[in-house]
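Okay, here's what each chain looks like letter by letter:
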Amino acid sequence: MKFTLDRQEKYNTIKFNEEKLDSTISAELKTEFLAFQGQGVANMIVDLSDVKYIDSSGLSALLVGNRVFTEAGGSFILCSVSDHAMKLISISQLDKVLEILPTVEEAIDLVFMNELEQGFKEGEE
């Protein structure tokens with residue numbers, strides 16, 4: 001699986017350099033998400049701009065990432081999703097489960113908004 005990772009203080013951005021997110025890489029992707037979360041990464045932005053096709057195992061890997069990061073109190077955000085991949089996500093009704101934004105910049109903004117909200121909630125307690 002080919003990807004680039006941009007590590008920042010508040011989030012990591014993973015950008016797949018693959019056209020297909022399918023069964024050939026989904027197991028490895030699940031492992032990577034678990035490893036990143038285990039290393040203390042709280043917020044993950046997934047840039048799918050190069051991904052043209054996602055199958056059910058690819059969607060499953062994204063759901064694992066979503067569960068791992070959100071259960072730990074972080075954010076898991078998909079961005080730059082192609083039209084074809086978005087159709088599959090919508091047909092599966094995962095657009096109601098996954099956080100999906102048009103651009104990486106908007107995803108970064110959402111991470112910081114979520115961080116601010118959590119800070120306010122902790123301050124109220």
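Cut-offs applied
- In every chain, residue numbers begin from 1 and rise along the written sequence.
- In keeping with the model being predicted, local features are shown solely for residues with a pLDDT of at least 70 and side-chain atom pairs are shown and tallied solely at 80 or more, while totals for entire chains, interfaces and linings include all residues.
- Values shown for side chains rest on all heavy atoms present in the structure; no hydrogens or waters enter the calculation.
- UniProt positions are given in the numbering used here, feature names are shortened, and annotations may be inferred rather than shown by experiment.
- Side-chain atoms within 4.5 Å link the members of a nonpolar core, which is a set of buried Ala, Val, Leu, Ile, Met, Phe, Trp, Tyr and Cys residues.
- To sort residues, take the accessible area from a 1.4 Å probe on protein chains only and compare it with the maximum for the residue type: under 20% means buried, over 50% means exposed, and anything in between is partly exposed.
- Helical segments are the DSSP runs of H or I of at least four residues, strand segments are the runs of E of at least two, and each set is numbered from the N terminus.
- Note on contacts: a residue pair qualifies if any of its non-hydrogen atoms lie within 4.5 Å across the two residues.
- This count recognises Lys and Arg as positive and Asp and Glu as negative, with His and chain-terminal groups excluded.
- Every case where a carboxyl oxygen of Asp or Glu lies within 4 Å of a side-chain nitrogen of Lys or Arg is listed as a salt bridge.
- Polar contact is the term for a pair of N or O atoms within 3.5 Å; when the atoms are in protein, one must be able to donate a hydrogen and the other to accept it, and sequence-neighboring residues count only if both atoms are side-chain atoms.
- Should DSSP find at least two bridges between two strands, the strands are regarded as paired.
- The convention used is that axes are lines fitted to C-alpha atoms, helices contributing only their stretch in contact, and that angles between N-to-C directions extend from 0 to 180 degrees.
- Throughout this description, any angle smaller than 35 degrees is read as roughly parallel, any larger than 145 degrees as roughly antiparallel, any in the 65 to 115 degree range as roughly perpendicular, and the remainder as oblique.

In the nomenclature of an unreviewed UniProt entry, the chain corresponds to Anti-sigma factor antagonist from the organism Reichenbachiella ulvae. Here is the UniProt Sequence similarities (unreviewed entry) comment for the chain, exactly as written: "Belongs to the anti-sigma-factor antagonist family."

Novice: Quick question: what am I supposed to make of the nonpolar core here?
Specialist: The tendency in soluble globular proteins is for nonpolar side chains to be buried side by side. Counting residues in hydrophobic clusters, the biggest one holds 26 residues, and the most contacted among them are Phe-33, Met-44, Val-46, Leu-48, Leu-62 and Leu-78. Every element with two or more residues in this core is listed here: strand E2 (12–16), helix H1 (26–38), strand E4 (44–47), helix H2 (56–71), strand E6 (76–79) and helix H3 (83–91). Setting aside its immediate chain neighbours within four residues, Met-44 contacts Asn-12, Ile-14, Phe-33, Phe-36, Phe-69, Ser-75, Phe-76 and Ile-77.

Novice: Would you explain the side chain of Asp-22 in this entry?
Specialist: If you trace the backbone, Asp-22 turns up in the loop between strand E3 (20–21) and H1. There is no salt bridge for the buried Asp-22, and the closest opposite charge comes from Lys-20, which lies 5.2 Å off by N-O distance. Within the structure, Asp-22 has its side chain in polar contact with the side chain of Thr-24 (distance 2.5 Å). In contact with Asp-22, other than residues within four places in its own chain, are Asp-55, Ser-57 and Gly-58.

Novice: Looking at this model, I keep getting lost on the environment of Gly-74. Mind explaining?
Specialist: By the secondary structure assignment, Gly-74 is in the loop between H2 and E6. For Gly-74, a relative accessible area of 17% translates into the label buried. Once the C-alpha coordinates of Gly-74 and Thr-31 are considered, the two residues, 43 residues apart in sequence, prove to be 18 Å apart. Residues in contact with Gly-74, not counting those within four places in the same chain, are Ala-42, Asn-43 and Phe-69.

Novice: I would appreciate a short explanation of the sheet that holds E4 in the present structure.
Specialist: Across a sheet, paired strands are connected by hydrogen bonds in the backbone, their directions being either parallel or antiparallel. The strand order across the open sheet built from 5 strands is E1-E2-E4-E6-E7, with neighbouring strands paired in mixed fashion. Of all strands in the sheet, those bounded by a partner on one side alone are strand E1 (3–7) and strand E7 (99–101). With strand direction ignored, the average angle separating the axes of adjacent strands in the sheet is 20°. As judged from the 4 bridges shared by E2 and E4, these two strands associate in the parallel manner. Residue pairing across strands places Thr-13 opposite Ile-45, the latter belonging to E4.

Novice: What should I look at first to understand the UniProt feature "domain: STAS" (unreviewed entry) in the chain in this one?
Specialist: When the UniProt feature table is mapped onto this chain, "domain: STAS" (unreviewed entry) is found at residues 1–111. In this annotation, residues 1–111 is assigned 41% helix and 23% strand; the end-to-end C-alpha distance for the span is 26 Å.

Novice: Where do I start with the pairing of E2 in this structure?
Specialist: Both faces of the sheet carry side chains from a regular strand, because those side chains alternate between them. Counted residue by residue, E2 has 4 buried out of 5 residues, so it is predominantly covered. Summarising the sheet, E1 and E2 pair through 5 bridges and their orientation is antiparallel. Each residue of the ladder has a partner; that of Asp-6, found in E2, is Thr-13.

Novice: Could you clarify how one ought to interpret the packing of H1 against H2 in this entry?
Specialist: To describe two helices that pack against each other, one gives the angle between their axes and the distance between the axes. Packing of H1 against H2 brings their axes to within 9 Å, and their N-to-C directions diverge by 10°. In this view, H1 runs roughly parallel relative to H2, as classed from their interaxial angle. Together, Ser-26, Leu-29, Lys-30, Phe-33, Leu-34, Phe-36 and Gln-37 of H1 and Ser-57, Gly-58, Ser-60, Ala-61, Leu-62, Val-64, Gly-65, Val-68 and Phe-69 of H2 make up the contact between the two elements.

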